[in-house]
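Chain and residue survey
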Amino acid sequence: MSTIGDFEGFQPVSLKQEGDDQPSETDPLSTEEGSSGKDPSPRQISRLSSVTESALYPNPYHQHYIARKYFVTRPGAIETAMEDLKGHVDKTSGETIQGFWLLTEIDHWNNEKERILLVTDKTLLICKYDFIMLSCVQLQRIPLSAVYRICLGKFSFPGMSLDKRPGEGLRIYWGRPEQQSLLSRWNPWSTEVPYATFTEHPMKYTSERLLEICKLSGFTSKLVPAIQNAHKDSTGSGRGKGLMVITEPILIETYTGLMSFIGNRNKLGYSLARGSIGF
């Protein structure tokens, strides 16, 4: 019986990457074939090990792998969400949608939450959308005529805070923070907070489409005139001062921040592929 080594059609194949045509001074395979009587097998194994390691860890594609973990980057995900929300607005209010944006909301406990924002001619809608099941989970409606202040600036924290974040954001006020109850202020799940804080989504640079809808500047440029027009059209609001847009640090009043530290490091506020569980 013939062995594999005796089979004439079986030939060893040299695995090379691009640019490996020229022998290297440190390459153990670069010696001439007739220079010694040593067994060439160890040298082939050494070369195969190097190629295998390079194939298992393709560093240039590392960022693309991270981006694919976010379900919002999957083909058709954001388009499906927009169609769902557009259909909802058409059925409920019939208002004209002026734009869609994908941003990150930062709540009063510094927790990050993935959100879709819609600006119509009368309303700001903040949507919690499940990009895994492709369904709207929660929708908050804020009348534009009630918004009286927009703050732009860098995030700031109390001096003793243990969980600080860099970067800039935008805060929208439709109520007075000083009128917020103490229970609501210290409740991480409270829905009675009279303002909302946003920053840019971490997948902003994944594609041209996401870059367009994740820009905080683009959202602000549409939101401000929409609010001003809503103030002009509203009657009996009693506010009289219109919209105030200011630039100042945005205070996030957290101190220990253990919940946000765990949640934000693990991206619990995003629709994310988290791997399989089990064996």
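An unreviewed UniProt entry lists the protein chain under the name Tumor protein p63-regulated gene 1 protein, from Vicugna pacos. As stated in UniProt under Sequence similarities (unreviewed entry), the record for the protein chain gives "Belongs to the TPRG1 family."

1. Considering the packing of aromatic side chains
Counted under the stated rule, the structure contains six aromatic pairs. Note on Trp-101 and Phe-219: the rings are 5.4 Å apart at their centroids and 70° apart in plane angle, and the pair reads as edge-to-face. Here Trp-101, found in strand E1 (residues 97–106), pairs with Phe-219, found in helix H6 (residues 216–233); they are 118 residues apart in sequence, far enough to count as distant. If you follow Arg-74 out to its NZ or CZ, it ends over the ring of Phe-71, 4.4 Å from the centre. Above the ring of Tyr-173, the side-chain terminus of Arg-149 is found at 4.9 Å from the ring centroid.

2. Re helix H3 (residues 77–92)
In an α-helix there are 3.6 residues to a turn, and that puts residues three or four apart on one side. Between the first and last C-alpha of H3 there are 23 Å, a value that for 16 residues agrees with the 22 Å anticipated at 1.5 Å per step. Looking at H3, one finds that the buried residues are Ala-77, Ile-78, Ala-81, Met-82, Leu-85 and Val-89. Taken down its axis, H3 places every buried residue within 130° of arc, on the same side. Facing away from the buried surface of H3 by more than 90 degrees, the exposed residues are Glu-83 and Lys-91. Buried residues along H3 sit against E1, strand E2 (112–120), strand E3 (123–130), strand E4 (135–143) and helix H5 (208–213). One or two residues past the end of H3 sits Gly-94, with phi positive at roughly 70°.

3. Here we look at the environment of Ile-252
Counting through the fold element by element, Ile-252 comes out in the loop between strand E9 (250–251) and helix H7 (258–265). Residue class for Ile-252 comes out buried when judged on its relative accessible area of 2%. Taking C-alpha positions, Ile-252 is 7.3 Å from Trp-109, a pair spaced 143 residues apart along the chain. Excluding anything up to four places from it in sequence, Ile-252 contacts Ile-106, Asp-107, His-108, Asn-110, Phe-155, Ser-156, Phe-157, Pro-158, Arg-165 and Arg-171.

4. Digging into the environment of Val-89
Position of Val-89 among the secondary structure elements: in helix H3. Val-89 gets classed as buried once you look at its relative accessible area, which sits at 1%. Along the chain, Val-89 and Leu-118 lie 29 residues apart, while their C-alpha atoms are 9.7 Å from each other. In this structure Val-89 touches Gly-94, Glu-95, Ile-97, Leu-118 and Leu-125, once residues within four positions along its chain are discounted.

5. Section: unusual backbone geometry
Positive phi is not limited to glycine here, since Leu-134 has a value of about 55°. For Leu-134, a relative accessible area of 35% puts it in the partly exposed group. The residue Lys-267 is not glycine, and still its phi comes out positive at about 55°. By the secondary structure assignment, Lys-267 is in the segment after H7.

What counts and how
Residues numbered from 1 in each chain as written. Predicted model: local features only at pLDDT ≥ 70, side-chain atom pairs only at ≥ 80, totals over all residues. Heavy atoms only, no water. UniProt positions renumbered as here; feature names shortened; annotations may be inferred. Phe/Tyr/Trp six-rings, centres within 6.5 Å; stacked < 30°, edge-to-face > 60°. Helix = DSSP H or I, 4+ residues; strand = E, 2+ residues; numbered from the N terminus. Lys NZ or Arg CZ within 6 Å of the ring centre and 35° of its normal. Expected span 1.5 Å × (residues − 1). Buried < 20%, exposed > 50% of the residue type's maximum accessible area, 1.4 Å probe, protein only. Arc of directions from axis to C-beta. Contact = heavy atoms within 4.5 Å.

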